[in-house]
Each structure stands twice: as C-alpha cells, then as structure tokens.
Amino acid sequence: MKNQVCSKCTEGTYSLGSGIKFDEWDELPAGFSNVATFMDTSVGSAENKADSCNNSSWTPRGNYIESNRDDCTVSLIYAVHLKKSGSVFFEYQYIDNNIFFEFFIQNDQCKEMESTADKWVKLTDNGEWGSHSVTLKSGSNILYWRTTGILMGSKVVKPVLVKNITIEGVAYTSECFACKPGTFSDKPGSSGCQVCPRNTYSEKGAKECTKCKEEMYYADEGSSACIERPPCTNKDFFQIHTPCDKEGKTQIMYKWIEPKICREDLPDALTLPPSGERKDCPPCNPGFYNNASSSCTPCPAGTFSDGTQECKACPAGTEPALGFEYKWWNILPGNMKTSCFNVGNSKCDGMNGWEVAGDHIQSGAGGSDNDYLILNLHIPGFKPPTSVTGATGSELGRITFIFETICSADCVLYFMADINRKNTNVVESWERSKEKQSYTHIISKNASFTFTWAFQRINEGQDSRQFINDMAKIYSITVTNAVDGVASSCRACALGSEQSGSSCVPCPAGHYIEKENSQCKVCPPNTFLSIHQVYGREACIPCGPGSKSTKDHSACFSDCLVSYIKDNQALNYDFSNLSQGGSLMSGPSFTSRGTKFFHFFNISLCGNEGKKMAICTDNITDVTLKDMVAESEDFSNFVGAFVCQSTIIPSDSKGFRTALALQSNSLADRFLGATVETTLENISIQTDIFPPSPSKLPDVHFFYKSSTVTTSCENGRATVVTMRCNPNKPDQGELSVPSLCPAGTCDGCTFYFVWESAEACPLCTEQDYHEIEGACKKGFQETLYVWNEPKHCIKGVPLPEKRTSTCETVDFWLKVGAGVGAFTAVLLIALTCYFWKKNQKLEYKYSKLVMTANSKECELPAADSCAIMEGEDNEEEIVYSNKQSLLGKLKSLATKEKEDHFESVQLKSSRSQNI
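Sequence order as written defines the numbering, with residues in each chain counted from 1. Reporting of local features is limited, given that this is a predicted model, to residues whose pLDDT is at least 70; pairs of side-chain atoms are given and counted only at 80 or more, and all residues count toward the totals for whole chains, interfaces and linings. Water and hydrogen atoms were dropped before computing side-chain values, which therefore reflect all heavy atoms in the structure.

### A few points about the pairing of strand S58 (residues 718-725)
Then step 1. Most of S58 sits inside the fold, with 8 of its 8 residues counted as buried.
Then step 2. For every residue, the accessible area (1.4 Å probe, protein chains only) is compared with the maximum for its type, and the residue is labelled buried under 20%, exposed over 50%, or partly exposed between those bounds. Under the scheme used here, helices are H or I runs from DSSP no shorter than 4 residues and strands are E runs no shorter than 2 residues, and both carry numbers assigned from the N terminus. Because side chains alternate across S58, one face comprises the buried residues Ala 718, Val 720, Thr 722 and Arg 724, and the other comprises Thr 719, Val 721, Met 723 and Cys 725, equally buried.
Then step 3. Strand direction decides the pairing type here: strand S57 (residues 700-705) and S58, joined by 6 bridges, are antiparallel. Of the residues in S58, the one forming a bridge with Tyr 704 is Thr 719.
Then step 4. Across 8 bridges, the pairing between S58 and strand S60 (residues 750-757) is parallel. Bridged to Thr 719 within S60 is Phe 751. If DSSP finds at least two bridges between two strands, the strands pair.

### Observations regarding the pattern of salt bridges
Then step 1. The salt bridge criterion pairs a side-chain nitrogen of Lys or Arg with a carboxyl oxygen of Asp or Glu, the two atoms within 4 Å. Summed over all chains, the structure comprises 15 salt bridges.
Then step 2. Among the salt bridges present, the one from Arg 198 reaches Asp 220, with a minimum N-O distance of 3.6 Å. One end of the pair, Arg 198, is in the loop between strand S14 (194-195) and strand S15 (200-201); the other, Asp 220, is in the loop between strand S17 (217-218) and strand S18 (227-228), with 22 residues separating them in the sequence.
Then step 3. Classification of Arg 198 by relative accessible area gives partly exposed; the value is 30%.
Then step 4. Residue Asp 574 is joined to Lys 795 by a salt bridge in which the shortest nitrogen-to-oxygen separation is 3.8 Å.

### Describing the environment of Glu 435
Then step 1. Counting through the fold element by element, Glu 435 comes out in strand S34 (residues 434-443).
Then step 2. Assessed through its relative accessible area of 65%, Glu 435 is described here as exposed.
Then step 3. For the pair Glu 435 and Glu 404, spaced 31 residues apart in the sequence, the C-alpha separation amounts to 5.2 Å.
Then step 4. Contacts were defined at the residue level, with two residues in contact if any of their heavy atoms lie within 4.5 Å. Setting aside its immediate chain neighbours within four residues, Glu 435 contacts Phe 403 and Glu 404.

### Some words on the sheet that holds strand S6 (residues 73-82)
Then step 1. Across the sheet, which stays open at both edges, the 4 strands sit in the order S3-S6-S10-S8 with antiparallel pairing between neighbours. Two strands in the sheet have a free side with no partner beyond their single neighbour: strand S3 (32-37) and strand S8 (99-106). On average, adjacent strands in this sheet sit at an angle of 20° to one another, irrespective of strand direction.
Then step 2. When S3 meets S6, the two strands line up antiparallel, connected through 6 bridges. From the neighbouring strand, Asn 34 faces S6, where its bridge partner is Leu 76. Here the axes come from fitting lines to C-alpha atoms, over the contacting stretch only for helices, and the angles between their N-to-C directions go from 0 to 180 degrees.

### Quick look at the confidence of the model for the protein
Then step 1. Looking at the protein, pLDDT values average 78 and 80% of them are 70 or higher.
Then step 2. The pLDDT value tells you how sure the predictor is about a given residue, anywhere from 0 up to 100. A low-confidence stretch, residues 41-50 stays under pLDDT 50, and its non-local contacts, those more than four residues away or across chains, total 10 contacts.
Then step 3. Scored below 50 in pLDDT, residues 862-870 shows 8 contacts in the model against residues more than four places distant or in partner chains.

Spelled out as structure tokens, the structure:
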C-alpha cells in the first residue's frame, strides 16, 4: 500500500481523483433509485394512491434526467460513503413554481444533515442552467432530489432537469472512467471529456471524433453515430421578407432551416422555391415614418404620425400619446428580439424563433418540435401623460396583443413578464389551437419590463420535427404610456395659467382638464379621477354608496361607517373594529390524485384610506409580515389587495417540514361601495347562496373589483363581502364561504364571503331600549332602563343609568281623592235610602186616602180626615219650622216639585180646625 502512487489516465478516459461524476443519462446509472410516494393519507385508500403513482419517476433523457410531471412525490436517491469531507454539485433547470423542488441529505439514521437547512432550490430563468452545491460530511450520505407537482388544475409548464452530478470526497479511485459516446479525451491525465463537434461522432472511450460523410450523413454535437440525411420536404425551409428598398418594395425569400440535414438529390425531394418575388411594403407602424427612405424611423419628440404621413407637431393644448403600436411586420422593431433554445440540445441556438410576415409575426421553424421559440419586447419604464402625472391610480399602462395559434398537437403559447430583470413569471398561457383573440395585461407599477412570448409545439423530450406547420401568430402589440414610446395621436393637456406659451403642465393630483380653458380644476368631493382620461368634468367619476374619495381623488375608500334608513329609522354601522382584516382557511379540498390543499383568503375590509392591507405571498416560510412589506416592490410573488387568495399545501400533505403557499393572486384591488342592495355595478349577490339571517336586520354588502383579466374572467374578478349582525359571535366573529362552493366561488370569477360578528350590528339608538318604573317605596321611586331583547346593536347610545325620584306629592293627592270618593259614595247611599223611605210613606198616605174616599161613596171627607192619627209623626212641624237642619234643607231642595201640593193640603186642614 505504501508503494502505491497516482498515475495519469490514458487518452479516451478521465478521472476526478477522489470524485465521481454522472453525465450520462441514457439510462439510470448504477446506485441511483426512484421512489414515488403519495404522502397524503387523509383521503382514499393507500392502495389506490400507491397505484396512481406507479408510473411517476425521474426519466433519463440522454444528457440530463427529467422529473415527474404529475402531483406525485418522486425522489431520486443516491447513497454514498465518503472517506473524508466533500461536496456534491449539480446543474439544473427549474422554471415552474407549480413543482416544488427540494435537495436534501440524510445520514444513515435518516436524519437530515444541518447543511440542508435551506433545502429549497431556487428557480432559474428560461434556458439557463443553474448550479447547486452542498458540503458533505464524512461517512454515509443519502442524497435526495425530490419533486412534487402541485397542479391545482393548471398544467405544469416544465419539469425539473438535472445533469452533471459530481460528488467529491469518495475513496481514491483505482480506475479511470471511459469517455461517454459523443465525447473524447485526447490528452493523458484528463479530468473530463470534450464534446464532439457537429457532423462528427465518437464511441465510448474515444481519443478523437470521427467525421461523417457529409454528403449522405449528418450528426449533431455530441453524437455517438452518424444519421442518414432524409429527402427535403416543405418542413425544411421557410420564407422571410426582406427590408423595404427605396422603391417601397420587399422581396419574399426562401431559406433552408439551419443546419440543413436533408438532401435535394433524392427521389421525391423538394428543392428550394425561387426567391425574389417583389411586393409592396406595408406602411410604417403608427408613430414612425419613412421620410422617402427604405426604413421607418420614430417620430421626433412632440410629434405624431399614423405611419402613412409625415410626422406633425401636436397642436397647442395637446401632447403626444406615447406608446407603441406594432401592427405591420416588415422588420423586427428595435426594442424586440427573437431567439430559440432547447434544454436538451443546441440545435436551434442562433436561430430566429419568430419571423416577420407582413401583417403578422409568426413562430419560426426551430430545430425540433420541443424547442422554445422566444419573442421578447423590452420596455424600460412606464409614465402617464403629463397632465395626469400627479395621479396615483392603480394602472400606469397596459399591453394588449392580438394572436392566434394553429396546432395539430399539444402546443402551448406562454405570455411571460420579467420585472427589473429578476425573474420571469408566466402571466397567462394558451394550449392547443386558439382562434384569433385579444389579451390585455395591466401594468400597476413603474419598473423595467421584459415581455416574452414563448411557443412550444410539444412538451416532450424528443428531437423530431413532425409538427413544423404548427405555429403561433401575433397580429398586433400595443403598449400605452411607454417611457421611450412614439405617438400616433395627440391628447388634450392642461396649459399653464400664463398664456405666454403653449407647453403642457402637469395637473395636481385629483384635477381634471376643463374643456373651456384647458386649465386644471379639482374634482368635486367624493369623486375619483379616471385613469384613462382627464379631459372634461366627466373624468371625475362619482364614488359608490358608502364610500368617499381620497384626498388626491385617486380612488374611493370606505371609512367603515355605513348608514341606512329602514322604516323611517336610521341604522348606522361602524365596522372599525373589523377594519384590520380577517382571514379564512377553507377546505380541505383534494386534487384528482387526492392531494390535500386549502384555500387561504386574506380580507382587508376597509383598508387604510384606500391602501390595500391584505397580503398574500408564495412559498410562505418564516418570513415576517414586516419583511414582506419591506421587499414588496421587488418581491414578484407578493400580492397586496383588499382581498387576496393563496393555495396552501399543509405540511402533513406532502411530508414537508412547513406549509407551502402558491398561486397567490388578487381578488379585489378596487373598492366599489357598501350597501344593503344586492346589486352594484353589474355585480349581483345570489340571495340563496348563504343561509338566511336570523335577525330582521339587513346585511351590508361590500363590493370590490379586480382589474386582473384572465382567460376565464374577461371582465376581471369581483368579490362581495357580506357583513351580517350576529350578537352570539363577539369580536372578530367568523368568516365563511358558500357551502356549495368551498373555494369561495362557483364560477371562478365572483367570490362571496359572509362575515358574521357582533361588530357588524348597527349602532344602538334610543329605540333599542325601554324603561321600567318601580313601585313608590318610602317616598322614592326607581326607573330602570333595559335593552330590547334580543339585542341587535352595539356601541352607539349608551344605556341610561338608573333614576330615582320622590313620590310624596303623588301619594297625598291619591289619599284626598280616595277620601272624597268614599264620602260621595256614603252620601249617595244615604240619600237613596232616605228617598226610598219617604216614597214608601207617601204611597201609604195616598192609598189610605183612596180607601177612605171609596168607603164614603162620594161623601165629602171629614174635616179631620187628614188629621194626625195615632202613631203618625207631626211632619208639618218640619215643614213650617223656621230653622231647618242640613238634612232638612237637602230634603226640601230635592222635593221642591211636590212641596206646593202638600203645603196646600196642610194649610186647608189647619184652617178647618180653626173654624
């Protein structure tokens, strides 16, 4: 062992010394294994899930290995034992955030190493290979490349690709490795092999590359054999338009697709069509002019042109409407470029991905069907017109393009945006054939943008050229408010107060241009300034119900105070305690393969005077809210809105150590109004989508709108948050979504939420309580005030305190009244008895008189017939008494009608006795 020395490897071989390298991926190298699992065991049977992932694996593709494309979890595993500390290095492409890509290391006890604390692999840009390296400890190391596709109804853009895996720190090698086919090593002691150039090939362990007979065979770079050239067909050439000449003509030219691999001398082979057909050049694009030359140049600053006439200065009181409008495609505009790339080969490197074709630009031929054909448009920034420079609306500009795709296979057209050259994100994609249509993307912040259109005929790892006639066409591209744009027209602007010049001046925030004198004038209260025009009073748009405008009239917002009149009674709501926002995690839901996920919603009910306070972000880890806000300008996956949504993959769903968030998007970036009505600005609430309210109070609906347009929502998304009074749910209460639509929406465009809370009840008024009077005790009486039950109000008018008052005066008069009433009752009873007795006596006297008269048979009565008989009272004494008692006076007064008759009889009787 002591006599062993290191020797150089011979030609055609290489060695890394204490390292190993895996660069051949025609098949899975020895020592590597695939493990496909379905970590989520919360739904369905384990057997079904195991079967559903049987076909999921990492797939060797020659120079690289490709990950799975479904939502199974697949691990590429390699175990290695290191004699000393070392490292692992690999190159990768990872551009689709719908796949989660982890690289981590475990020891022989299946515990993760400290060096893999940050196991998430960063995304790469299109066509670029990134690199990743991790330090390894001596001993056993198990390496995991793990991918999990989270489809959520969207198609995976691209799988993860890995190549050139190099591991350092293994035992010193006792042998050299032969160069793989398509490579060679021409020097002893090489640490790597070189790739064979085009039209050459090599076998394994080659010292040099062998040339092909180019008349009959061809070979791509890194080929292991020569391939026979096929007959030429119409798929092997394409046409282009030459730049316009001085006569205003363009020529149609035909060219072979490079590198040319076909033969024209074989039977049935096509030859290149003749070139040189002259046609009239299309006019210049708006904002450009040719000035009797063969090329179009942009109009100078302050001028405009429709593309057919010379540039003219804008009239006084107007300014150029800057932007770009490309609708004629004779040459590629200066701020656009095209390219082609393929992740597995370099066939199309240097080719044009798109070709101009007069009234449209179309995808080129490429080198193979799975090439990405790229078209880029760079805009350094966006700037609104001078007159609206002070405006702070959510739209700074927009890009609109008209396109169509003609496909016989599974082609895809991607529209992507890169902000400040940091990361390219897919904005929208279209699969298969699509008829001619328009798409618009809103620009909400001033930054440098690169817009990319990428067309791929098939997304499979093959080098064939079967679908060359599948293509994408773009007819026009329009960009507004571009910093370095040109003008096809002029728009009205505000003039300075001094009429010495006609230059435009910026209007202050919230001002429109008055038509009569082109002066800036402030918008009326509770209106906001349109972001599309500032000319005329109609540019100030009234705010919706329950909203008011910001100080700069840039938007309308809610101050969380809403009033409503019902049955001549004013109901006032104060949602201030709910203004900080609420969140809701709905679900769980499951993908077709059973992956569990949740819909997370963040709601900022009133915002902060128009500022959107709800925050959603992708890949949530330990990043704090403060950190996210600080980086919000540059964090491409950061969303701030009134209502935003993220899809959450719980940590137990895929075996991750932390929950993951993806597909964050805004559901509401403009507040429309708050009202009890069920319709506002063409947004309607389905009355039966939520259970009816237990109280008779009306619900208050907050309406929002999102300007983001998608293929399924041409008018953007809308959101309605229904505030419902529920005294049984104090404080923040409870947010919920419709039971039939756990994602918050049934059509994908309009989202509904109900927020039940005691804080959603109206403010209390005097009509919400009543008083209760107590008994008078010891001269005092208490009055209590209690709320009406059930109580459906909060705050507002407080409940009055208990009131105590004296009750002596009321008790005295009550006694006086009772005494007078009792005396009157006794007196009436006495009088009734007296008159009854008196009447009985009179009847007795009368009947006696009648009896006497009948017995005498018409004789005159004796003189003493009316004399006082035995046992009778001498009542005449009372009649003639000079002094009457009180009872007598009352009696005589009550019998005044009969008094004369009785007195006459008594007087007669008296006179008879005297005679």
